[in-house]
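Below, each chain spelled out in residue letters.
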Amino acid sequence: DCEGCEWDQYLEWFEDWKATNVIVRTLLIELHKSPLPQAPDFFQKMLEMGYVIFHKELNGLNAECVEYGFVMLHEDFQK
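Residues numbered from 1 in each chain as written. Predicted model: local features only at pLDDT ≥ 70, side-chain atom pairs only at ≥ 80, totals over all residues. Heavy atoms only, no water.

Moving on: the pairing of strand E3 (residues 65-72). Note that strand E1 (residues 26-32) and E3 share 7 bridges and pair antiparallel. Within the sheet, the bridge partner assigned to Glu30 lies in E3 and is Glu67. Two strands pair when backbone bridges link them, and strand E2 (residues 51-58) and E3 are joined in this way by 7 bridges, in the antiparallel orientation. Following the sheet pairing, Ile53 is matched in E3 by Phe70. Between E2 and the antiparallel strand that follows it, E3, lie 6 residues. (Pairing = 2+ DSSP bridges. Helix = DSSP H or I, 4+ residues; strand = E, 2+ residues; numbered from the N terminus.)

And the structure:
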């Protein structure tokens, strides 16, 4: 939970994971305020990288924040 930094940093995550040969199969993240155009771009990039949403939950203390769970699926499941 980086209090909004996710919108500026998520592309770096993929670069870092690739550079260090790390495979992240599950990602739990709290998204803040969903700004445009970053939010749609974020979800599109997640799909392109093989991630799908398995959980979504509104933060009960702050309606501008939503908790998401993503899991990486094998490409055969995404057809």
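Attention now goes to the sheet that holds E1. The strand order across the open sheet built from 3 strands is E1-E3-E2, with neighbouring strands paired in antiparallel fashion. In this open sheet, the two edge strands, each paired with only one partner strand, are E1 and E2. Across the sheet, the axes of successive neighbouring strands diverge by a mean angle of 25°, strand direction being ignored. Helix H1 (residues 6-19) contacts E1 and E2 of the sheet and is inclined by roughly 160° relative to E1. (Axes fitted to C-alpha atoms, helices over the stretch in contact; angles between N-to-C directions. Contact = heavy atoms within 4.5 Å.)

Of the voids in this model, the largest pocket is the one considered here, and its volume is about 190 Å³. Forming the walls of the largest pocket are Phe14, Trp17, Lys18, Asn21, Val22, Ile23, Val24, Met49, Tyr51 and Met72. Of the residues forming the lining of the largest pocket, the biggest block, 3 residues, is contributed by H1. Grouping the constituent residues of the lining of the largest pocket by class yields 8 nonpolar, 1 polar and 1 charged. (1 Å grid on protein atoms, 1.4 Å probe; cavity = no way out; pocket = protein on both sides within 12 Å on 5 of 7 lines; lining within 4 Å. Points joined across faces, edges and corners; volume = space filled by probe spheres on them. Nonpolar A, V, L, I, M, F, W, Y, C, P; charged D, E, K, R; others polar.)

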